[in-house]
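Examination of the molecular architecture
The residues making up each chain are set out below.
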Protein chains: 2
Amino acid sequence: MERSYYNPIEVAPREDLRILQLGKLRKILNKVYKKVPHYREKCKKAKIKPSNLKTLEDIRHFPFTTKEDLFVDYPFGLLAEPLEKVVRLHTSSGTTGKPKALFFSKRDIFAQAHLIARSLYMSGATFRDILQNSMTYGLFTGALVMHYGAELLGMLVIPAGPGNTERQIELMQTFGTTCIHMTPSYALYVASVIHEKGLKPGKDLKLKRAYLGAEPYTDETRQKIEEMLGVDVYNCYGLSEMGGPGVGFECPEKKGLHLWEDAFLVEIVNPQTGEPVKPGEVGELVLTSLNREAMPLIRYRTRDLTHFIPEPCSCGRTHVRIARILGRADDMFIVRGVNIFPQQIEAVLMSIKGVAQNYQILLEGYDEMTVKVEIDRDFFDGRIERLLKLKEEIAEKLRQAIQVRPKVELVEPGTLPVSEGKAKRVIDNRTL
Amino acid sequence: MERSYYNPIEVAPREDLRILQLGKLRKILNKVYKKVPHYREKCKKAKIKPSNLKTLEDIRHFPFTTKEDLFVDYPFGLLAEPLEKVVRLHTSSGTTGKPKALFFSKRDIFAQAHLIARSLYMSGATFRDILQNSMTYGLFTGALVMHYGAELLGMLVIPAGPGNTERQIELMQTFGTTCIHMTPSYALYVASVIHEKGLKPGKDLKLKRAYLGAEPYTDETRQKIEEMLGVDVYNCYGLSEMGGPGVGFECPEKKGLHLWEDAFLVEIVNPQTGEPVKPGEVGELVLTSLNREAMPLIRYRTRDLTHFIPEPCSCGRTHVRIARILGRADDMFIVRGVNIFPQQIEAVLMSIKGVAQNYQILLEGYDEMTVKVEIDRDFFDGRIERLLKLKEEIAEKLRQAIQVRPKVELVEPGTLPVSEGKAKRVIDNRTL
Ligand SMILES: [Zn+2]
Ligand SMILES: [Zn+2]
């Protein structure tokens, strides 16, 4: 593999990266302390000020920024620049009624676009590629931020937006799409429609890469999509609070995502105590935006669970790697006292031969869990025993993985509701 | 009014503009002749070549480009640059199944953004303004192109997209939106919802300007929207084939739209003969993109009907003015042998007191025309005579304007289907 980088910072020695980070962190802490009263108050309560930061490690003494802080003095409370400098609003649906309001300056937009361009280039994309961007354009960062970055790299961007799967496939055929950007659940669905139409991806389509993000998925799902579409799937990570996609991206080694440390200070903490975890231990990702102009966030609690991959990456990039997101702290549900992430169930299902693309988790009654699973059509040929065997296999493997044995219902492909954006996997109707 | 311009080219003497245009036209004709086989063939058939162009007027001897030409060697046939230079696809729904495919280079995107920035600045907008962009983001040019231009000017852009009127109004209230960009029919609907909620635009909202385009509308509609929302409405013109919005824009005089002649060569021709019309006479707008890099179009037949406004504009800008679009050559329908544009009917309706925001034209039977009109709710108070009088007034005024007396049906507000994009005004169920 030829070594080629979009920006030499990608392979900077870690000592240099850390010096760069410390300089930027000092600057941004000073700025936020000076310009954002709410954060200054928090620092004062914690009896700390920017001049107390001597080393990068000292950051752990500074207050976190949480989702709740985004709603203090809403919507402009955390701005560190006058509103006139802001050129973009993005929102992110909160659990409460009001959406999170995230603001960006021209420089912020441009900086994030460069991170995207760097990430796409890392995956092998160039100005010769054609990217079909099937995320939702608008207030969500997913589509627009990727759009700007791909355009900066010189890719031909097809701003398809989500949905209308027939048209998506037509666009791929007509314009020779080589890369797609969508959610993993929608990619699975598009792949199944392509197969139903009898199209051969390697022959009738020119797809080479799929960039999948915005919801967690398993490596089994990745493999399934890679096989069905004949593409390399790259995992991408981002959140609106940190400027959208482009925060982290897989390199061709596909062993974890590099987080761009010239732009973000990365911590993983124990979600209960807030203390740093040991290397390799799972915890909550905490990010500080080192470049953000309009609305820098210090130690933002992402709610995303992951762990560091401490070994240096053989691609040569020195920026820290994390495992794919294992779940949102908020996605977790509890059945019979056991903490369960939808991703654990997905991983099991996708590893079983005969299981198709879609599934749903139903919680009912006094603590009953049913997993509805679409399976290949040819299972419904009347051979009941074969069907029962598959059902038993699924139930037993799930029990081994999550310590709870769910009811399993097998259904034909196309039975469960299809999501064109983020899949709603868990339906909780319990009478608890 | 203070005189201030985004670009001094806006007030360049016409002689200078024409010299600039001739130079650019030569260059672009040479490029297209050399690089686009289909256009070269058309020129050869017409026995003309770029070196025959001595003056701007000589353009009339060159072949037109029509909608149909866009489907020759589809989709890449009219590209004048290698595909690698293209960074954007936009499409425009054709009457046939395939959409028109329009391609743009980085330079094209940037150039159009500057035209938008110039146009918005002309209307009084600055980096202090907050633009809620409620057009559809994606393959249509409407939203994305305006987005780029407003961002270039430094406005805070809220990429709201269309629909979800409750949320639109919430965004206006939460973020202090000062400018909106939407279709006129949706603006009327949003205005009516704002009134139903009892919100006072001057007090509860900070709206100052509305940029309305993507479908033709009348000056009466403009006045209605201006009154209901307490805004200045600016008419904007564009089409995907010419890079989207930003082709023409009203100045604060609001007497016609300036077309930016440093970017477009403007002709108005008789749609039947293709010959230039006399100054002030209605005809089809024909545009040549003078700056386009990826896909320049020579003498593109827009199908839009308008006329020149020959008098110099008192705003000081020297770029030619056209009247608001009077209709699409394709929107015209014929009833009892008479050519009618929906806009003629709209103009009459909006001038009548008691008429509300929505209407629909129904063509049925052997050539029956019915106009369904929403009227103010207080007309349905049981006073039949008052209702009949309004009905008669509408029918008679329509007869005077279009020479056909339609049946008129009066309905309560909210009865007719609401469009969140382009309104479908004419429903043709005739058994002819
Ligand atoms: Zn790597
Ligand atoms: Zn003017």
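Residues numbered from 1 in each chain as written. Chains lettered and ligands numbered in written order. Predicted model: local features only at pLDDT ≥ 70, side-chain atom pairs only at ≥ 80, totals over all residues. Heavy atoms only, no water.

What counts, and what does not: UniProt positions are given in the numbering used here, feature names are shortened, and annotations may be inferred rather than shown by experiment.
Per an unreviewed UniProt entry, chain A carries the name Phenylacetate-coenzyme A ligase and comes from Caldimicrobium thiodismutans. What UniProt records for chain A under Function (unreviewed entry) is the sentence "Catalyzes the activation of phenylacetic acid (PA) to phenylacetyl-CoA (PA-CoA)." UniProt annotates chain A under Sequence similarities (unreviewed entry) with the comment "Belongs to the phenylacetyl-CoA ligase family."

**Side note on the coordination of the zinc ion (ligand 2)**
All names here are of chain B. Using the following cut-off: Note on donors: an N, O or S atom is included if it sits within 2.8 Å of the metal, or within 3.2 Å for Na, K and Ca, and water is never included, so sites can look incomplete. Any coordination sphere not matching a tetrahedral pattern (four donors, all angles between 85 and 135 degrees) or a square planar or octahedral pattern (four or six donors, opposite donors over 155 degrees apart, other angles between 65 and 115) is reported as irregular. The helix and strand labels rest on DSSP assignments: H or I over at least four residues marks a helix, E over at least two residues marks a strand, and numbering proceeds from the N terminus.
For the zinc ion (ligand 2), the full set of protein donor atoms is C251 (SG), H258 (NE2), C313 (SG) and C315 (SG), at a range of 2.1 to 2.3 Å. The coordination sphere of the zinc ion (ligand 2) comprises four donor atoms, whose angles at the metal cover 104 to 117°; the geometry is tetrahedral. Between consecutive donor residues of the zinc ion (ligand 2), the sequence gaps follow C-x6-H-x54-C-x1-C. Remark: C313 occurs in the loop between β13 (308-309) and β14 (321-322) and C251 occurs in the loop between β8 (244-250) and β9 (257-259); sequence separation between them is 62 residues.

**Concerning the coordination of the zinc ion (ligand 1)**
Residue and element names in this part refer to chain A. Around the zinc ion (ligand 1), the protein contributes the donor atoms C251 (SG), H258 (NE2), C313 (SG) and C315 (SG), at 2.1 to 2.3 Å from the metal centre. Here the zinc ion (ligand 1) binds four donor atoms, and the angle range of 104 to 118° at the metal identifies the geometry as tetrahedral. Donor residues for the zinc ion (ligand 1) sit on one chain with the sequence pattern C-x6-H-x54-C-x1-C. Here C313 lies in the loop between β13 (308-309) and β14 (321-322) and H258 lies in strand β9 (residues 257-259), a separation of 55 residues in the sequence.

**Topic: unusual backbone geometry**
With omega at 0°, the peptide bond leading from A:Y74 into A:P75 counts as cis. In this structure, A:P75 sits in the loop between α2 (37-45) and β1 (86-92). Phi at A:R299 takes a positive value of approximately 50°, unusual for a residue other than glycine. Phi at B:D367 takes a positive value of approximately 155°, unusual for a residue other than glycine.

**A short note on the environment of B:F71**
Checked against the element boundaries, B:F71 lands in the loop between α2 (37-45) and β1 (86-92). For the pair B:F71 and B:I169, spaced 98 residues apart in the sequence, the C-alpha separation amounts to 41 Å.

**Concerning the side chain of A:R292**
Residue and element names in this part refer to chain A. Inclusion rule: Exposure is judged per residue with a 1.4 Å probe applied to protein chains only, and the accessible area is read against the type maximum: over 50% gives exposed, under 20% gives buried, and values in between give partly exposed. When charges are tallied, Lys and Arg are placed among the positive residues and Asp and Glu among the negative ones, while His and the ends of the chain are skipped. Any carboxyl oxygen of Asp or Glu within 4 Å of a side-chain nitrogen of Lys or Arg constitutes a salt bridge here. Polar contacts here mean pairs of N or O atoms no more than 3.5 Å apart (in protein, one a potential hydrogen donor and the other a potential acceptor; neighbouring residues in sequence count only if both atoms are side-chain atoms).
Within the secondary structure, R292 is located in the loop between β11 (283-289) and β12 (300-306). No salt bridge forms around the buried R292; measuring N to O, its nearest opposite-charge neighbour D108 is 4.2 Å away. Within the local environment of R292, its side chain forms a polar contact with the backbone oxygen of E241, the two atoms lying 3.4 Å apart.

**A look at the pairing of β11(A)**
Residues and elements named next belong to chain A. Rule in force here: Whether two strands pair depends on DSSP finding at least two bridges between them.
Extensive coverage of β11 is indicated by the burial of seven of its seven residues. In the sheet, strand β10 (residues 264-269) pairs with β11 via six bridges, with the strands oriented antiparallel. Residue L265 lies in a different strand from β11, and its bridge partner there is T288.

**What to know about helix α8 (residues 219-229) of chain B**
Within α8(B), burial applies to B:T221, B:R222, B:K224, B:I225, B:E226, B:M228 and B:L229. Of the residues trailing α8(B), B:G230 is marked for its positive phi of about 60°.

**Quick notes on the relation of the copies chain B and chain A**
To keep things clear, this is the line we draw: A least-squares fit on C-alpha atoms brings the copies together, and the residues used are those whose pLDDT is at least 70 in both copies. The contact criterion used is simple: two residues touch if any of their non-hydrogen atoms lie within 4.5 Å.
Overlaying chain B on chain A yields an RMSD of 0.1 Å, the required transformation being a rotation through 180° with an accompanying axial translation of 0.1 Å. Such a combination of turn and shift is consistent with a two-fold rotation axis. For chain B, the residue whose C-alpha comes nearest the rotation axis is B:Y137, separated from it by 2.8 Å. Same-surface contact between copies: 100% of interface residues of chain B are shared with the interface of chain A.

**Looking at the domain arrangement of chain A**
Residue and element names in this part refer to chain A. For the record, the criterion: Where each domain begins and ends follows an automated or database-derived domain assignment. Reported buried area values correspond to the accessible surface (1.4 Å probe) lost by two parts on association, with both partners' losses combined. Residues are grouped as follows: Ala, Val, Leu, Ile, Met, Phe, Trp, Tyr, Cys and Pro are nonpolar; Asp, Glu, Lys and Arg are charged; all remaining types, including Gly, are polar.
Domain boundaries in chain A define domain 1 (1-329) and domain 2 (333-428). Just the C-alpha atoms count here: the centres of domain 1 and domain 2 sit 30 Å apart. Contacts between domain 1 and domain 2 engage 24 residues on the former and 17 residues on the latter. Carbon and sulfur atoms supply 57% of the area buried between domain 1 and domain 2, which totals about 1600 Å² over both sides. Viewed at the interface, domain 2 and domain 1 are joined by zero salt bridges. For the side of domain 1 that touches domain 2, the secondary-structure elements that each account for two or more residues are α6 (184-196), α8 (219-229) and β15 (327-328). Considering each element in turn, the side of domain 1 that touches domain 2 owes the most residues, six residues, to α6. Per-class residue counts for the side of domain 1 that touches domain 2 are ten nonpolar, nine polar and five charged.

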